[in-house]
Amino acid sequence: MASAKSRLGQIRNRRNWFMLITVLAVAATVAAVQWAGNRLGNAAAITGWTLLAATAGMYLLSVRKRCIRLPVGPVSIWLQMHTYLGSFALIVFAMHVGWPIRGWFEIVLASCFTFVSFGGIWLIVLSRTLPRKLAAVKRDYRMEDIPALQAVVAREAQALAISSARLNEGATLAEYYQQRLLPFFHERRSRWYRLLPTGWTRRQLQRELIDLERYLAEAGHLRREKLSELVQAKDDLDFHSVVQSRLRFFFTLHVALTWGLVILIAVHVILVLRFQGAML
């Protein structure tokens, strides 16, 4: 308990330091821009190179993830630094671009930067809300293991339904499995469920299984309870699959847009340098 409180205190201290550094960096950039403007300097160059440095710094998180063995601090600290550096870059970006934005290339570059920035913010929101949703499920599952576990649960349910058909009262369970549970265990969940996963279908099936109790003897009751447990297990696996797939999709999209942004920034810097060279 004490160690958990200590870690929480360290996280808060780092957050406070990163917030202070970010505020000071923004203040220094604003002061530099005003100084350049008062002396008829190139304020766009100041914000541009600052933005380039901040953007390059954010890519260090990707390098850190690939260099796991390097003694340069845990990934959590680099992720926190990445977050505040991204906030700083977004503010500098708003200072750097000319409003309204003109030119198709500038519009594409600004749009890509905006999508990457707000995609990163959305990932932060998901990374803080989705784990709490997954915590409501009794077990934790790795994304790669879920399809195999879903197949195991489906086979167990099918075997249980076949065995119940040998019982006079258990034939009711076999018929119910054929009509209602077979699609649930073997088919992909609906688009609405993948968009907004809820436990409504699972609760409905479990209520229907409870309603079958009046037609079952002791052996049938045991199989009904086991089927209800398998419905719960399948629903938990589906929920994990949808939630983790959502997080993985947005992360993959964020990474893809990020590397597209790298190319656009490189082209932008080359064009600016060539234009300045031509002016000289």
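First, a word on scope: everything that follows refers to the structure included in this document. (Residues numbered from 1 in each chain as written. Predicted model: local features only at pLDDT ≥ 70, side-chain atom pairs only at ≥ 80, totals over all residues. Heavy atoms only, no water.)

As for the overall build of the protein chain
Cut-off, in case you're wondering: In this description a helix means any DSSP run of H or I spanning at least four residues, a strand means any run of E spanning at least two, and both kinds are numbered starting from the N terminus. As defined in this context, the radius of gyration uses C-alpha atoms, and a globule is described by 2.2 Å times the residue total to the power 0.38. Note on exposure labels: buried denotes an accessible area under 20% of the residue type's maximum, exposed denotes more than 50%, and partly exposed covers the range between, all computed with a 1.4 Å probe on protein chains only. It only takes one pair of heavy atoms within 4.5 Å for two residues to be counted as in contact. With residues, only the protein chains shown are counted as cover, and all accessible areas are computed by Shrake-Rupley using a 1.4 Å probe. By the counting rule applied here, Lys and Arg register as positive and Asp and Glu as negative, while His and the ends of each chain are not counted. Charged groups are reduced to one reference atom each: NZ for lysine, CZ for arginine, CG for aspartic acid, CD for glutamic acid.
On a plain count of helices and strands, the protein chain comes out with ten helices and zero strands. Along the protein chain, helices and strands appear, N-terminal first, in the series α-α-α-α-α-α-α-α-α-α. Since a compact globule built from 280 residues should have a radius of gyration of about 19 Å, the 28 Å found for the protein chain marks it as more spread out than a globular shape. Along the first, second and third principal axes, the C-alpha set of the protein chain runs to 95 × 50 × 30 Å. Burial statistics for the protein chain: of 280 residues in total, 32% are counted as buried. Intrachain contacts of the protein chain at a sequence separation of at least 6 include 78% that bridge at least 24 residues. Summed over its atoms, the accessible surface of the protein chain is roughly 18,200 Å², and 65% of this surface lies on carbon and sulfur atoms. On the protein chain, the mean spot of the 35 positive side-chain charges and the mean spot of the 17 negative ones are 17 Å from each other.

Digging into the pattern of salt bridges
Selection criterion: Salt bridge criterion: a side-chain nitrogen from Lys or Arg within 4 Å of a carboxyl oxygen from Asp or Glu.
The final tally for this structure, using the stated rule, is nine salt bridges. The structure contains a network of salt bridges with shared partners spanning R189, R202, K234, D235 and D238.

Considerations on the packing of aromatic side chains
Our working rule: Pairing of aromatic side chains here covers Phe, Tyr and the six-membered ring of Trp, requires ring centres within 6.5 Å, and sorts the geometry by plane angle: under 30 degrees stacked, over 60 edge-to-face, intermediate tilted.
Enumeration according to the criterion identifies seven aromatic pairs in this entry. Ring geometry for F93 against F113: centres 4.4 Å apart, planes inclined by 20°, an arrangement best described as stacked. Within this pair, whereas F93 is found in helix α4 (residues 75-96), its partner F113 is found in helix α5 (residues 104-135), the two being separated by 20 residues in sequence. On the basis of relative accessibility, which here comes to 8%, the residue F93 falls in the buried class. Between F249 and F250, the aromatic rings sit 5.3 Å apart at their centres with planes inclined by 70°, giving edge-to-face as the arrangement.

Focus: the packing of α4 against α5
Using the following cut-off: Every axis corresponds to a line fitted to the C-alpha atoms, with the helix fit spanning only the stretch in contact, and the corresponding angles, defined between N-to-C directions, vary from 0 to 180 degrees. In a left-handed crossing the near helix is turned counterclockwise from the far helix by less than a right angle, and in a right-handed crossing that turn is clockwise. For this scheme, ten residues count as nonpolar: Ala, Val, Leu, Ile, Met, Phe, Trp, Tyr, Cys and Pro. Four count as charged, namely Asp, Glu, Lys and Arg, and the remainder, Gly too, count as polar.
Remark: α4 packs on α5, axes separated minimally by 11 Å, with the N-to-C direction vectors making an angle of 145°. Relative to α5, α4 is oriented so that their crossing is left-handed. Residue-level inspection shows T83, A89, L90 and F93 of α4 in contact with α5, the latter providing A110, F113, T114, S117 and I124. Considered class by class, the residues forming the contact of α4 with α5 number six nonpolar, three polar and no charged.

Digging into helix α6 (residues 146-164)
Rules: A helix's residues, less one, multiplied by 1.5 Å, set its expected span.
Over its 19 residues, α6 extends 27 Å from the first C-alpha to the last, a length consistent with the 27 Å expected when each residue adds 1.5 Å. Burial in α6 covers these residues: I146, Q150, V153, A154, A157, L160, A161, S163 and S164.

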